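# Coordinate inspection notes
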Amino acid sequence: MKNNLITCSKNISRVIGFPDGEQITIEKLTEGIPQEDKKQVLKHLENSIKNKSFTNFQHPYITSDGSERVIQVLGEPIFDDIDNLTGFMCSSQDITTRKRFEDELFEKK
């Protein structure tokens, strides 16, 4: 893989505040991830490239207005005709409401 550019979908653009379809760097994309979680997210991305596979994960994200969201990232590797990894097709979803509900259920048990 030659660059670290991400094209934001309409869904994640709405959550993190970048224009739909804009290409941004991984550094820019991860600015809203709290520092204590950012290392783990970047390590996950590094391992995905190294292993040519993608494991779904979740992480917190602080929006420009200061609210904390929980983002779930689903992904699949993309290969060219000779099986070289060229990138990942990922889908990011805001699962904050679902995560809060799950946490409340867990606390009640």
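On a predicted model such as this, the values are computed, not experimentally measured, just so you know. (Residues numbered from 1 in each chain as written. Predicted model: local features only at pLDDT ≥ 70, side-chain atom pairs only at ≥ 80, totals over all residues. Heavy atoms only, no water.)

## As for the pattern of salt bridges
One pass over the structure, following the stated rule, counts 5 salt bridges. Two residues, Asp94 and Arg69, come together in a salt bridge whose shortest N-O distance is 2.9 Å. Placement of Asp94 in strand S5 (residues 85-94) and of Arg69 in strand S4 (residues 68-79) is noted, with a sequence separation of 25 residues between them. The salt bridge partner of Asp103 is Lys99, with a shortest N-O separation of 3.5 Å. Here Lys99 and Asp103 lie together in helix H4 (residues 96-108), a separation of 4 residues that amounts to about one turn. (Salt bridge = Lys/Arg side-chain N within 4 Å of Asp/Glu carboxyl O. Helix = DSSP H or I, 4+ residues; strand = E, 2+ residues; numbered from the N terminus.)

## As for the nonpolar core
One broad trend across soluble globular proteins is that nonpolar side chains are buried collectively. Core analysis: the largest hydrophobic core is formed by 13 residues, its most contacted members being Cys8, Ile12, Ile16, Phe18, Tyr61 and Ile71. Secondary structure elements with two or more residues in this core: helix H1 (10-16), strand S3 (57-62) and S4. The dominant element in this core, judged by the number of residues it contributes, is H1, at 3 residues. Among residues more than four places away in sequence, those in contact with Ile71 are Ile12, Val15, Phe57, Gln58, His59, Tyr61, Ser92, Gln93, Asp94 and Ile95. (Core = buried A, V, L, I, M, F, W, Y, C linked by side-chain atoms within 4.5 Å. Buried < 20%, exposed > 50% of the residue type's maximum accessible area, 1.4 Å probe, protein only. Contact = heavy atoms within 4.5 Å.)

## Brief notes about helix H3 (residues 35-51)
Here H3 is 17 residues long and its end C-alpha atoms lie 25 Å apart, about the 24 Å a rise of 1.5 Å per residue gives. Those residues of H3 that sit buried are Lys38, Val41, His44 and Ser48. Take H3 and look down its axis: the buried residues cluster within an arc of 125 degrees, on one side only. What points out from H3, more than 90 degrees from its buried face, is the exposed set Gln35, Glu36, Lys39, Gln40 and Lys50. On its buried face, H3 is in contact with S3 and S5. One or two positions beyond H3, positive phi appears at Lys52, with a value near 55 degrees. (Expected span 1.5 Å × (residues − 1). Arc of directions from axis to C-beta.)

Such coordinate-based values are descriptive only and should not be taken to indicate function.
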